[in-house]
Amino acid sequence: MGTNIHTEIWATSPQLGHAAVEAVMQEMQRINQLMSPYIDSSELSKVNRLAPHSEVPVSSELFELLQLSVGLSEETQGAFDITFASVGYLYDYRQKQRPDSQTIKSLLDAINYRHLQLNPDTQSVAFTHPKVKIDLGGIAKGHAVDNALSILKNMGIEHALVTAGGDTGLLGDRNGRPWTVGIRDPRNHQKQAVVLPLENTAMSTSGDYERYFEEDGKRYHHILSPKSGESSYEVQSVTIIGPRSTLNDGLSTAVFVLGVKKGINLINRTRGYEAIILDNQRRLHYSRSFEAVNVQN
């Protein structure tokens, strides 16, 4: 998953608790093996290799997530687009490597979710552009969190927290008290920008601090604009709160790319979801119906 997995679980016995933790970790590993672009044997890697040439049959789980991703692309007017990987795969944040402007320009045509042809009859996917690559990093962790919570519910767990990177899902409350979930200060990993008391919901944060490097005073981070193939800079972090981690995950990426005004407008028309945005001047912005009384700066 490229991130740390954290879970807190209240169980009626130590045996159930240990089994629940193990079940969460197994599910995370299963999805990583299925959807990681860095594992050659993953289903996603197979799609990236073969879909430019022919239809590729995929599992119902991957097909449904691809359908959801395309739907999010349509809803966000392309701000969320899993084909960003057509350029994104050339960035290596650990090695401080990035493609030059000419290379980016030559690949921009490949970034377009409309290049994905999804055939529900054969449950297959094909790419209509030879240089398309996809990456589910902006939605798969949320999907993993939702799956983990479903597994815990089926095991009889009523109070739990599951976090995968910036994606957190909550079952119930913290055994009689709200869960206290923080939004990290993008420029100080030891400080919280906002702290929220939450229960029985989910929260996802996308930030420019998760994977990045700096060169000549400029920060190159992993949230790329599909229009430019380069990092988006209007905001430092976006947090989405709503019932489904999968959607939170995708929406936080989309709002980051859209920026404050368009991003807030998107969330204001998305029923059941709220946003907190920290812009590049370090000012906080909230979606319309967010209860400010719950926010502790």
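Here, every reference points to the structure presented above.
All of the points below concern the structure found in this document. (Residues numbered from 1 in each chain as written. Predicted model: local features only at pLDDT ≥ 70, side-chain atom pairs only at ≥ 80, totals over all residues. Heavy atoms only, no water.)

So, the overall build of the protein
A tally of helices and strands in the protein yields 8 helices and 14 strands. Taken over C-alpha atoms, the radius of gyration comes to 19 Å for the protein, in line with the 19 Å a tight globule of 297 residues would show. Its C-alpha atoms give the protein principal-axis dimensions of about 55 × 45 × 35 Å. A total accessible area of about 14500 Å² is found for the protein, and carbon and sulfur atoms account for 45% of it. (Helix = DSSP H or I, 4+ residues; strand = E, 2+ residues; numbered from the N terminus. Rg over C-alpha atoms; globule rule 2.2 N^0.38 Å. Areas by Shrake-Rupley, 256 points an atom, 1.4 Å probe, with all protein chains shown as cover.)

A look at helix α1 (residues 14-35)
End to end, α1 covers 32 Å across 22 residues, agreeing with the expected 32 Å (1.5 Å per residue, within 8%). By the burial criterion, the buried members of α1 are Gly17, Ala20, Ala23, Val24, Glu27, Met28, Ile31, Asn32, Leu34 and Met35. (Expected span 1.5 Å × (residues − 1). Buried < 20%, exposed > 50% of the residue type's maximum accessible area, 1.4 Å probe, protein only.)

A few points about the pattern of salt bridges
Under the definition given, this model contains 10 salt bridges. Between Glu27 and Arg30 there is a salt bridge whose closest N-O contact spans 2.8 Å. Of the two residues, Glu27 and Arg30 both sit in helix α1, 3 residues apart, roughly one turn of that helix. Its relative accessible area of 9% is what places Glu27 among the buried residues. Its salt-bridge partner being Arg282, residue Asp185 comes within 2.8 Å of it at the nearest N-O pair. Here the residue Asp185 occupies a position in strand β7 (residues 179-185), and Arg282 occupies one in the loop between β13 (274-279) and β14 (284-286), the gap between them amounting to 97 residues. Taking the relative accessible area as the measure of exposure, Arg282 reaches 40% and is therefore partly exposed. (Salt bridge = Lys/Arg side-chain N within 4 Å of Asp/Glu carboxyl O.)

Quick word on the sheet that holds strand β4 (residues 124-127)
Strand order in the open sheet formed by 3 strands is β2-β4-β3, with antiparallel pairing between adjacent strands. The outermost strands of the open sheet, each flanked by one partner alone, are β2 (56-57) and β3 (116-119). Alignment of β2 against β4, held across 2 bridges, turns out to be antiparallel. Counterpart to Val56 in the pairing with β4 is Val125. Where helix α3 (residues 60-75) meets the sheet, it contacts β3 and β4, and its direction lies at approximately 130 degrees from that of β3. (Pairing = 2+ DSSP bridges. Contact = heavy atoms within 4.5 Å. Axes fitted to C-alpha atoms, helices over the stretch in contact; angles between N-to-C directions.)

Considerations on the sheet that holds strand β6 (residues 167-171)
Read from one edge to the other, the open sheet built from 7 strands follows the order β1-β5-β6-β9-β12-β13-β14, with strand pairing classed as antiparallel. Every interior strand has two partners, whereas the edge strands, β1 (5-10) and β14, have only one. On average, each strand axis in the sheet is inclined to that of its neighbour by 10 degrees, with strand direction left out of account. Bridge count for β6 against strand β9 (residues 202-207) is 3 bridges, and the pairing is antiparallel. In the sheet register, Thr168 faces β9, and the bridge partner there is Met203. With respect to the sheet, helix α7 (residues 245-258) is in contact with β6, β9, β12 (235-242) and β13, its orientation differing from that of β9 by roughly 30 degrees. Along the sheet face, helix α8 (residues 260-268) touches β12, β13 and β14 and points at about 170 degrees away from the line of β13.

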